Amino acid sequence: MDKGSNEVAPPGVNINVPHSARIYDYWLGGKDNFAVDRAVGEAMMKAIPGMRYMAGENRKFVHRVARDLVAKEGITQFLDVGTGIPTRPNLHEIAQSFEPSTRVVYVDNDPIVLVHARALMISTAEGRSEYISADVRDPSSILEDRALKDTLDLTKPVGLTLIAILMLLADADDPWAKVAALRDALPSGSLIAITHPTADFNPDEVNAAVAAATGAGMTLVARTESEVQRFFGDWEMLEPGLVPVSSWRPDSEVADPKAAYYWAGVARKP
């Protein structure tokens, strides 16, 4: 993508307004971002020098969750809300490497993600991968979508993933009610995986990053441990519970679990 001043966006994309998916893409070294996204991304990295590391830790969490939910919990269908720009390996690629018949529905509201949706649909012959253009602020638009109904069997357990997305909803939007609507639509045995930024570990850095984002017109909310815990409702937390993102079943010893300022956890519907 052109990095100069004459950047051209796909239809429906405002290159003068930063978007979280494109900022995240920039942190991960991607090319699907614009000057406004890079400017906000740089401002947030100035506030939090370890921001790229934190983005990477979120991706690693997704990989571990996909692996464990399939290999250890028997989940063979996923609903990934707030997908972001595809970064390989994607969730369905990890899940299908353990169970080729796994089905995944991705959801995002950024037109740039829609442009890349075909990359998200390259599935195994046995499984299926689909993309829905919808918004977590309107759970019914997700749950009533024909692609979801055609791809997932909501009478059987589903893995619902909400990775670094709920921070984009202000308290006034009642994000807890939005998540509850998604949880309520899923059957017993389903699991929910969440990561969420927090100021609990380093208030000064996180508050400065939030100020940089909100100053650019974005909504970005860091939440406390108890506020993040509320998103799981009365579902049963899997071990090790709600922990710093790097501490959720790490593949190797983590030197400083609180170096990534995110809470993360997975819970099962009774």
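Calculation criteria
Residues numbered from 1 in each chain as written. Predicted model: local features only at pLDDT ≥ 70, side-chain atom pairs only at ≥ 80, totals over all residues. Heavy atoms only, no water. Buried < 20%, exposed > 50% of the residue type's maximum accessible area, 1.4 Å probe, protein only. Helix = DSSP H or I, 4+ residues; strand = E, 2+ residues; numbered from the N terminus. Pairing = 2+ DSSP bridges. Right-handed = clockwise from strand over helix to strand, strands pointing away. Contact = heavy atoms within 4.5 Å. Salt bridge = Lys/Arg side-chain N within 4 Å of Asp/Glu carboxyl O. Phe/Tyr/Trp six-rings, centres within 6.5 Å; stacked < 30°, edge-to-face > 60°. Lys NZ or Arg CZ within 6 Å of the ring centre and 35° of its normal.

(A) Fine view of the pairing of strand S2 (residues 103–108). Most of S2 is tucked away, with five of its six residues classed as buried. Examined bridge by bridge, strand S1 (residues 77–81) and S2 share five bridges and lie parallel to one another. Within S2, the position partnered with Val81 by the bridge is Val107. The parallel pair S1 and S2, bridged by helix H4 (residues 91–98), forms a crossover whose chirality is right-handed.

(B) Inspection of the environment of Asn90 at higher detail. In this fold, Asn90 is placed in the loop between S1 and H4. As for Asn90 and Leu79, which are separated by eleven residues in sequence, their C-alpha atoms are 13 Å apart. Residues within four places of Asn90 in sequence aside, it is in contact with Arg59, Tyr106 and Leu120.

(C) Structural detail: the pattern of salt bridges. For the coordinates displayed, the defined rule picks out 14 salt bridges. Notably, a salt bridge pairs Arg223 with Asp171, separated by 2.8 Å at the nearest N-O pair. Pair noted here: Arg223 is in the loop between helix H10 (203–215) and helix H11 (225–229) and Asp171 is in the loop between strand S4 (159–163) and helix H9 (175–184), with a separation of 52 residues, a long-range link. In this structure Asp171 comes out as partly exposed when scored by relative accessible area, which is 43%. Within the structure, one salt-bridge network assembled from shared partners comprises Arg67, Asp68, Lys72, Arg249 and Asp251.

(D) View of the packing of aromatic side chains. For the structure on display, the rule yields three aromatic pairs. Consider the rings of Phe61 and Trp248, whose centres lie 5.4 Å apart with planes at 75 degrees: the pair is edge-to-face. Of the two residues, Phe61 sits in helix H3 (residues 51–71) while Trp248 sits in the loop between strand S7 (243–244) and strand S8 (262–268), which places them 187 residues apart along the sequence. For the pair Phe61 and Trp248, one class covers both residues: buried. On the numbers, 5.3 Å between centres and 15 degrees between planes, the contact of Trp176 with Phe231 is stacked. Here Phe231 lies in the loop between H11 and strand S6 (236–237) and Trp176 lies in helix H9, a separation of 55 residues in the sequence. Neither Trp176 nor Phe231 differs from the other in exposure class; each is buried. Sitting over the face of the ring of Tyr26, Arg52 holds its NZ or CZ atom 4.9 Å from the ring centroid. One residue, Arg230, lies across the ring of Trp176, its end atom 4.0 Å from the ring centre.

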